[in-house]
Every structure is written in C-alpha cells, then in structure tokens.
Amino acid sequence: MEKKERKGIVLFSEYKRGEAIKKALEKSREDILFELRESKLKGRGGAGFPTATKWNMVAAAKSDKKYIICNADEGEPGTFKDRVLLLEYPELVFDGMVVAGYTIGASEGIVYLRGEYEYMLKSLNDYLEAMRKDNLLGKNIAGKKGFDFDITIRLGSGAYVCGEETALIESLEGNRGEARNRPPYPVNTGYMGKPTVVNNVETLASVPHIVLKGGEWFKKYGTDKSTGSKLFSVSGDCERPGVYELQWGTTINELLEIVGAKDAKAVQVGGASGICIPKSQFDRSLAYEDAATGGSIMIFGEGRNMLHVLKNFMEFFVEESCGQCTPCRIGNTKLLEGIEMIEKGEYTFSYVNKLKELGQTMKVASKCGLGQSSPNAFISILENFKEEIFNGNGGRNGK
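Residues numbered from 1 in each chain as written. Predicted model: local features only at pLDDT ≥ 70, side-chain atom pairs only at ≥ 80, totals over all residues. Heavy atoms only, no water.

1. Digging into the environment of Gln268
Relative to the elements of secondary structure, Gln268 occurs in strand β7 (residues 264-269). The exposure class of Gln268 is buried, given its relative accessible area of 0%. A sequence separation of ten residues divides Gln268 from Pro278, and the C-alpha atoms of the two residues are 8.9 Å apart. The contact partners of Gln268, leaving out residues within four places of it in the chain, are Gly274, Ile275, Cys276, Ser296, Ile297, Met298, Phe300, Phe313, Ala377 and Ile381. Only 3.3 Å separates the side chain of Gln268 from the backbone oxygen of Gly274, close enough to count as a polar contact. (Helix = DSSP H or I, 4+ residues; strand = E, 2+ residues; numbered from the N terminus. Buried < 20%, exposed > 50% of the residue type's maximum accessible area, 1.4 Å probe, protein only. Contact = heavy atoms within 4.5 Å. Polar contact = N/O pair within 3.5 Å; in protein donor to acceptor, adjacent residues only side chain to side chain.)

As structure tokens, this is what we get:
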C-alpha cells in the first residue's frame, strides 16, 4: 500500500510499525490506562465517550473471554477519513487494537469493515499476515509470554444503522442489524455476551502515539475538553477537498480558508446527521463543546438550494432507518413529507413548527443514534435558512 505524503501533528506524524506494541508491553495495564486517561482521548466516531473509561470498565470485568472491535463501518454521508487510515496508516489502527487487547485482557480483535470497502479486504489481510510473521500478532506477541492476540476482518452489508455499536454487534453475531436495548452495555454484555470494547478506527489510530509520547503530550493540542487532533473529511464546494488533520478548536472560517471555500453559505458539520451552520456562525469552533463532529464537513456554496439539500438528507434517513422503533420509522417519513409539502407550497407555518416539535421528540424518543440525530439537519436548515426556503410566503393555506 502506497502512503501519500501527509503532514499532521498527531495521526499523520512519523510512526514505525510495532513501536507502540513493544512500548506497551514494557508497561503495566494500569500505566497504559493512566496515560489514556491523562490524554483525555474521546471517541472519534462522533459520540465522544472517554476512551479510558470504556477500556477501564472492560479491563475490570471478570470474564473468560473479552473482545476489542474496530468500528470501520464508515457510513455517514461525507465521511471518508477512516478509509485513508486503513489504506495508508494500517500500522496505527492495528497496533492500536493490539495495545487495546493487551490493556483490557482480550485475545481477539475484530474489524467490522464497511461493505462498500470490500476492495480493501485483500490488502488489509495481507498486512495482518505480515504482522503475524513479525510476531506482532498471534502467540506470545513481541516475546511477551502469555499475551496471545489476533485480528480478523468481517464485512458489513451496507446498513447505515450498523455504525451504532450494538447494531454492529448484532450484525457480527449473524442477526439483523438493529440496536439493542441498553443497559446492559457492550462493556458488560457485548459480542457473544462477553465484555467488549467498540472503538472507531480513528480512536484506535490515536492510541499508539499516546503510548509512545504520553497523555500530557497529546493534550497539548486542541482544547481542554477536546484534546488532540481530528481528521476532517471535507467535500463539496471548495477548491481542495480531502482529508485534513487539524487541532480541535479550529474554527469553521479557518477550515474554509485552508480548503479554498470562497463562497460558502452553509457548512454541514457531522454529516447528514449533523447540524447545518450558516455564514453568520462560521466563527464557531469544531470541538465537542461547540460544533461537534465525527469528521464529515460538507460545504455548500451560494448557488445551492438548501431545501434540495435537506430533501436529499431526509430521503437517505427514510431509506436507512431499520424501522425497529416508531419515532424513527414514522418520524423520518413525516419530516420528508413536510419537505415535499414545502416544495409545493402546500404548507402552513404552524404545521412546519409541529414538524420541528416532532423532530425534537424523535431526538429523545428514538432508540439509537439514527433517529436521535436524523432531525438535526431538518431543524437547523429550516431555522437557519428560513428566508431562502419560505421566501416570505406562508404557503397556499396561509400562516
């Protein structure tokens, strides 16, 4: 796999395969958990759960078997940064999994790979085989007697909902990809009923650098509540789309300048399930405490019709809802119907406001992250671009 020349402060900085594994095996599990806690690393998939807390709960669990699962089901529209890590920096992802396995006491790791990424499968398996030959996977890893750990790759089937960790686990077990009721949580009752850590690709890729350079070094970057760096998948109306590593706390304006977006009127932060930010708010920071994101940044120029953008998003969610819970199954359909009514001018503002209320209800009543986040674009676009969308018109039936 050919690695492109990329410059970055953490993930895209220099690293040699196996370094973090050997360093970790010289430490106690408690020392690794301490450094991870000091780093304040949070889940890079979007939820932002403290990584050290998740690892510590599984490390403390009593079980004859534990698992580490890498969530590589990168299905959020506009997100493609995990693909870059897997293709160009597999040493970070897989070394991070081995360190996690050692720390929590797991003997098996599983990569749940997005179905559309099947073309990566051979190169990733070849890389894992090379790790086995170098004694970085398998029995007595790097000479550490008793530490046995291996990794397998399993393909998803293209279901967006399987990006949610419990739906992912259901899929791995051969069941329909639907979110589980929680509690119990995967840290107690995960894959095959055993304690399981599920981490995003980027989260695991951050671990080797933290092991080598320490938690204090990592948290020098970013903000107090959002430490380290973040990979952003930038697409849309800009001169230089691509994957960028920037510190947490970077403003939207700063990002737009880096990627050459000269006439942006809106930025969708967090993919289709994120929020749409207008030009008047481009001074907001990309951070957990402000404009949080799993990495997707979509830029819309002055020529874009924001109602058409919103309709595209909602059609996606209607298609991808697993249908298990009523708020998501019916709610997304009703929101899409509302958009179609606005297109035709067959709406009232009172009805639009009721749809916004429905969206707020979905956010608290839906079972998983799909239904909890799908109304975000609906609410934010109708609110921030109401003059463009409604054009001062109350619809055929008045206000």
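2. Some details on the confidence of the model for the protein
Mean pLDDT for the protein: 94, with 97% of residues reaching 70 or above. Overall, residues 392-399 carries pLDDT values under 50, and its contacts beyond four positions in sequence, including any with other chains, amount to 21 contacts. (pLDDT = per-residue confidence, 0-100.)

3. Focus: the packing of aromatic side chains
A complete count under the given rule lists 16 aromatic pairs for this structure. Their ring planes at 85° and their centres at 4.8 Å tell us that Tyr67 and Tyr191 sit as a pair that is edge-to-face. Within this pair, whereas Tyr67 is found in strand β1 (residues 67-72), its partner Tyr191 is found in the loop between α7 (165-172) and β4 (196-200), the two being separated by 124 residues in sequence. Since its relative accessible area comes to 8%, Tyr67 is described here as buried. Their ring planes at 80° and their centres at 6.2 Å tell us that Phe232 and Trp248 sit as a pair that is edge-to-face. Of this pair, Phe232 sits in strand β5 (residues 229-236) while Trp248 sits in the loop between β6 (242-247) and α10 (252-259), and the two are 16 residues apart along the sequence. The positively charged end of Arg17 is found above the aromatic ring belonging to Tyr127, 5.3 Å away from the centroid. (Phe/Tyr/Trp six-rings, centres within 6.5 Å; stacked < 30°, edge-to-face > 60°. Lys NZ or Arg CZ within 6 Å of the ring centre and 35° of its normal.)

4. Focus on the sheet that holds strand β3 (residues 150-155)
Ordered in space as β3-β2-β1-β4, the four strands form an open sheet in which the pairing is parallel. Every interior strand has two partners, whereas the edge strands, β3 and β4, have only one. The average undirected angle you get between the axes of adjacent strands in this sheet is 20°. In the sheet, β1 pairs with strand β2 (residues 108-113) via six bridges, with the strands oriented parallel. (Pairing = 2+ DSSP bridges. Axes fitted to C-alpha atoms, helices over the stretch in contact; angles between N-to-C directions.)

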